[in-house]
Amino acid sequence: MPISETWLLPDGVADVLPEQAQIIEKLRRKALDFLVSRGYQLVYTPFIEYIESLSSLSEANQDLDLATFKVIDQLTGRLLGIRADMTPQVARIDAHVRPVEGVARYCYAGTVLHTKPQGFSATRAPLQLGAELFGSESIDADVEMVDLMISLIQKAGLTDGIHLDLGHVGLFRSLVKQAALNKATEHQLSDLYQRKALPELAEFTQTLHFGSDFYVLGRYASDLGALEANLSAEILKNAAFKQAFDAVKTTQSEIQARWPNLHIGIDVVELRSYHYHTGLMYAVYAPNRAAPLAQGGRYDGIGEHFGRARPATGFSCDLYALSAGQFNELSIVVAPKGTDTDLLKMIERLRTEGLSVVQLLGQDDLSSVPNATHQLVQVAGHWNLEKI
């Protein structure tokens, strides 16, 4: 490769420069401190591990498997995976490394790596931050997680115009089971729901058992009242369907009580990660952003791969996406070389106040600190801070 090209980075990978890096780091600290204050214990997980461990989810979610970089361990010859998501790693900790009784809460932050961007203009190396709650089947756990997610978005200063989407894979799954559909038909229906293709859905469901209910599920996916009014009595009596329906209603009601000004949308056929989630799903969106700011859901039984199946719910976000468009104008103070006691005290005081102070070296002058914004100048025996 010519020297002129050695500075280039792979597609979907970028440097983070000082003006934005400070914003991201402050956000990371604030977010983790907030999660810890809510009882979520911080964990660090390895960037790479055996693929069998990271594939605990990929059996149900091929998208994650395809997103995972794989390399050969030169020590053992075994296949390693570079984490594309930290949830399987935290599940391993809960199931095998630290198998506490009762409810366990964990939070984390770290870089993950994707083989391909997971969305339009998305990075392949997101800085993922998230929280996971293990050991509770209660809808209260889902409500806590949704509330936690919105609160975190608020801490990031992005509350204006945000929108919460709620869904539940249990409505579709229970209807599929009731109708005894085969996998091919199930996949076709899922695709129609994802594309919001109502005319095609109407035609496709004409010959299906409970076809009118499948159509109604798509037609009134965003209106629980109309959905309940138009579904057949047999489906409404289905225990699994009713449980999922009630879970969405309860979550909507309780979150609205906590966040009265929040706009909450319902979409019971939003089946993203359908084969991964087992219950309630949730995502937060902001105006003029196509991708969610944060998203999550319930994924019961996640620890089964490690020998301890547990109910679980959680969410994650990309700190790069949360901080997009935010830049911090840096303030750099230049101090002259010297060991004058008052000068050193002034430098220490400014640093304590949070300013960045650079003391000149050797024969350096202001030109050696190109980003300097202020300088320390001695006037009548006193050191003053002056803008450059």
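Since we're looking at a predicted model, the values are computed, not measured.

A. Structural detail: the side chain of serine 323. With respect to the element layout, serine 323 can be found in the loop between helix 13 (319-322) and strand 12 (332-335). At 2.9 Å, the side chain of serine 323 forms a polar contact with the backbone oxygen of leucine 319. Once you skip the residues sitting within four places of it in the chain, serine 323 turns out to touch Gln20, Ile23, Ile24 and Leu27.

B. Focus on helix 7 (residues 183-195). With 13 residues, helix 7 extends 18 Å between its outermost C-alpha atoms, agreeing within 8% with the 18 Å of an ideal straight helix rising 1.5 Å per residue. Turning to helix 7, the residues buried within the fold contact helix 6 (169-179), helix 8 (198-204) and helix 9 (211-219). The N-cap residue of helix 7 is asparagine 182: its side-chain oxygen and the backbone nitrogen of alanine 184 are 3.3 Å apart. Of the residues one or two after helix 7, lysine 196 is the one with positive phi, at around 55°.

C. Region of interest: the packing of aromatic side chains. One pass over the full model with this rule turns up five aromatic pairs. On the basis of an interplanar angle of 15° and a centroid distance of 6.5 Å, the ring pair of phenylalanine 241 and phenylalanine 245 is categorised as stacked. With phenylalanine 241 and phenylalanine 245 both in helix 12 (residues 239-258), this residue pair falls four residues apart, about one helical turn. Through a chain of ring-to-ring contacts, the aromatic side chains of Phe172, Tyr193 and Phe214 assemble into a single cluster. Above the face of the tyrosine 50 ring, arginine 78 is positioned so that its terminal group lies 3.6 Å from the ring centre. A cation sits over an aromatic face here: arginine 105 above tyrosine 40, 5.9 Å from the ring centre.

D. A look at the sheet that holds strand 14 (residues 374-379). The strand order 13-12-14-15 describes an open sheet built from four strands, whose pairing is mixed. With partners counted over all chains shown, the strands left at the sheet margins are strand 13 (356-359) and strand 15 (382-387), one partner each. Looking at each pair of strands side by side, their axes are set apart by 35° on average, direction ignored. Two strands pair when backbone bridges link them, and strand 12 and strand 13 are joined in this way by four bridges, in the parallel orientation.

E. Layout of the packing of helix 6 against helix 12. Packing of helix 6 against helix 12 brings their axes to within 8 Å, and their N-to-C directions diverge by 165°. Comparing the axis directions of helix 6 and helix 12 gives the class roughly antiparallel. Here helix 6 runs over helix 12; the crossing is left-handed. On the side of helix 6, the interface is formed by Gly170, Leu171 and Ser174, while helix 12 contributes Ala240, Phe241, Ala244 and Phe245.

F. A look at the pattern of salt bridges. In total, this model carries 17 salt bridges according to the counting rule given. Put simply, aspartate 147 and arginine 38 hold a salt bridge, and the shortest N to O gap is 3.0 Å. Here the residue aspartate 147 occupies a position in helix 5 (residues 139-155), and arginine 38 occupies one in the loop between helix 1 (18-37) and strand 1 (41-42), the gap between them amounting to 109 residues. Relative accessible area serves as the criterion here: at 12%, aspartate 147 is assigned to the buried category. Here aspartate 267 makes a salt bridge to lysine 196, at a shortest N to O gap of 2.5 Å. Of this pair, aspartate 267 sits in the loop between strand 8 (263-266) and strand 9 (280-285) while lysine 196 is found in the loop between helix 7 and helix 8, placing the two residues 71 residues apart along the sequence. Judged by its relative accessible area of 13%, aspartate 267 falls in the buried class.

G. Summary view of helix 14 (residues 341-352). With 12 residues, helix 14 should cover 16 Å at 1.5 Å per step; its first-to-last C-alpha distance of 16 Å lies within 8% of that length. Within helix 14, burial applies to Leu343, Met346, Ile347 and Leu350. Projected down its long axis, helix 14 carries its buried residues within an arc of 100°, all on one side. The exposed set on the far side of helix 14, more than 90 degrees from its buried face, consists of Lys345 and Thr352. Elements that come into contact with the buried residues of helix 14 comprise strand 12, strand 13, strand 14 and strand 15.

The rules we used
- Residues numbered from 1 in each chain as written.
- Predicted model: local features only at pLDDT ≥ 70, side-chain atom pairs only at ≥ 80, totals over all residues.
- Heavy atoms only, no water.
- Helix = DSSP H or I, 4+ residues; strand = E, 2+ residues; numbered from the N terminus.
- Polar contact = N/O pair within 3.5 Å; in protein donor to acceptor, adjacent residues only side chain to side chain.
- Contact = heavy atoms within 4.5 Å.
- Expected span 1.5 Å × (residues − 1).
- Phe/Tyr/Trp six-rings, centres within 6.5 Å; stacked < 30°, edge-to-face > 60°.
- Lys NZ or Arg CZ within 6 Å of the ring centre and 35° of its normal.
- Pairing = 2+ DSSP bridges.
- Axes fitted to C-alpha atoms, helices over the stretch in contact; angles between N-to-C directions.
- Parallel < 35°, antiparallel > 145°, perpendicular 65-115°, else oblique.
- Left-handed = near helix turned anticlockwise from the far one by under 90°.
- Salt bridge = Lys/Arg side-chain N within 4 Å of Asp/Glu carboxyl O.
- Buried < 20%, exposed > 50% of the residue type's maximum accessible area, 1.4 Å probe, protein only.
- Arc of directions from axis to C-beta.

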